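# What the coordinates show
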Amino acid sequence: MKKNRGTSKALNMNGHRKKESILFIVSGPSGVGKSTLCDYLEKEVASLKFSVSTTTRPIRGSEVDGWDYIFTDEEQFKKLIDQDEFLEWAIVHDHYYGTQKKIVDTLIEEGVDAIVDIDVQGGLSIKKNDPSAVLIFIAPPKLSDLEQRLDNRGTDNSKTIKTRLENARIEMQSIKSYDYLIVNDSLEESKELIKSIITTERYKVHRTDPEFIQEILNKFKAAADLKL
Ligand code: 5GP
């Protein structure tokens, strides 16, 4: 179960102001460590919140409805599709998964950055409509590591593991369409890397509040009047 969801740390951007919220999309094969990295970011990075997806897959282990996912049935999911409630949705490993617009919109209205853990179909579909979204791909060092991790997790039967490994091979083909790639060899290094990607994006000039840039420029206008 994910604990401490939210922003406990104060955001210190050294006076820097962003223009708008950023949508970070984390994708990669099942079992690669995406949830661990997203949990870490939520705890460690200020003003960043996880957008909870909706799924028809059965609840597993210690998962909590409304926290890890919004668990629903196929009928309800299809109703949400018809009502155009999804930013994106996809069938992954034989189940429906989707990002509800209202959940992301709420985070954006709060002024925080949003992070979603979604498959490559969803990631590429969001990026097509919103080129400012940041795509981060988490890859395993090798396929056998993934098999080992899915097996150790103990939450899936061997048929499900096989489907997930087959899908992993397909998902890896989308790496080239992503903005960032992290090979999750060492979890500690991956945590640092993903955190620095978030920081880097936040300080990009094209994401900076134009008024903030103008304030800086104004200070330099005043400097031109100095007599020394
Ligand atoms: P799991 O069943 O292991 O929690 O997730 C299976 C896959 O579904 C993962 O690759 C995860 O990234 C993806 N997924 C989770 N939520 C969404 C979503 O809202 N949309 C899409 N397209 N994929 C999702």
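Scroll up to find the structure.
Report follows, based on the coordinates. Because the structure is a prediction, the values reported are computed rather than measured. (Residues numbered from 1 in each chain as written. Predicted model: local features only at pLDDT ≥ 70, side-chain atom pairs only at ≥ 80, totals over all residues. Heavy atoms only, no water.)

On to the overall build of the chain, then. Counting its regular elements, the chain contains eight helices and nine strands. If you line up the chain on its principal axes, its C-alpha atoms span 80 × 40 × 30 Å. By residue count, 45% of the 228 residues in the chain fall in the buried class. As displayed, the chain offers around 12,700 Å² of accessible surface, 51% of which is attributable to carbon and sulfur atoms. Each charge class in the chain was averaged separately, 34 positive and 38 negative side chains, and the resulting centres sit 3 Å apart. (Helix = DSSP H or I, 4+ residues; strand = E, 2+ residues; numbered from the N terminus. Buried < 20%, exposed > 50% of the residue type's maximum accessible area, 1.4 Å probe, protein only. Areas by Shrake-Rupley, 256 points an atom, 1.4 Å probe, with all protein chains shown as cover. Lys, Arg positive; Asp, Glu negative; His and termini not counted. Charge placed at Lys NZ, Arg CZ, Asp CG, Glu CD.)

This paragraph deals with the sheet that holds strand S7 (residues 113–117). Taken together, the five strands give an open sheet; going across it, the order is S2-S7-S1-S8-S9, and neighbouring strands pair in parallel fashion. The open sheet has two edge strands with one neighbour each: strand S2 (48–50) and strand S9 (180–183). The mean inter-strand angle of the sheet, taken between neighbouring strand axes irrespective of direction, is 25°. Examined bridge by bridge, strand S8 (residues 134–139) and S9 share four bridges and lie parallel to one another. In the sheet register, Ile136 faces S9, and the bridge partner there is Tyr180. (Pairing = 2+ DSSP bridges. Axes fitted to C-alpha atoms, helices over the stretch in contact; angles between N-to-C directions.)

If you look at the biggest cluster of nonpolar residues, it comprises 25 residues, and the most contacted ones within it are Phe24, Leu41, Leu48, Ile115, Ile136, Ile138 and Ile194. Elements that contribute at least two residues to this core include exactly strand S1 (23–27), helix H1 (34–44), S2, S8, helix H5 (143–153), helix H6 (158–172) and helix H7 (187–202). In terms of nonpolar packing, the next biggest core, distinct from the first, is built from 15 residues, Leu23, Val104, Leu107 and Tyr178 among them. (Core = buried A, V, L, I, M, F, W, Y, C linked by side-chain atoms within 4.5 Å.)

Attention now moves to the pattern of salt bridges. Scanning all chains against the criterion turns up 16 salt bridges. As a salt-bridge pair, Glu63 and Arg60 come within 3.8 Å of each other at their nearest N and O atoms. As far as burial versus exposure is concerned, Glu63 and Arg60 are alike and both buried. Residue Glu166 pairs with Lys162 through a salt bridge whose shortest N-O separation is 3.6 Å. Here Glu166 and its partner Lys162 are both found in helix H6, four residues apart, which amounts to about one turn of the helix. Residue classification places Glu166 among the partly exposed residues on the basis of a relative accessible area of 39%. Counted as one network, the salt bridges with shared partners bring together Arg17, Asp209 and Glu215. (Salt bridge = Lys/Arg side-chain N within 4 Å of Asp/Glu carboxyl O.)

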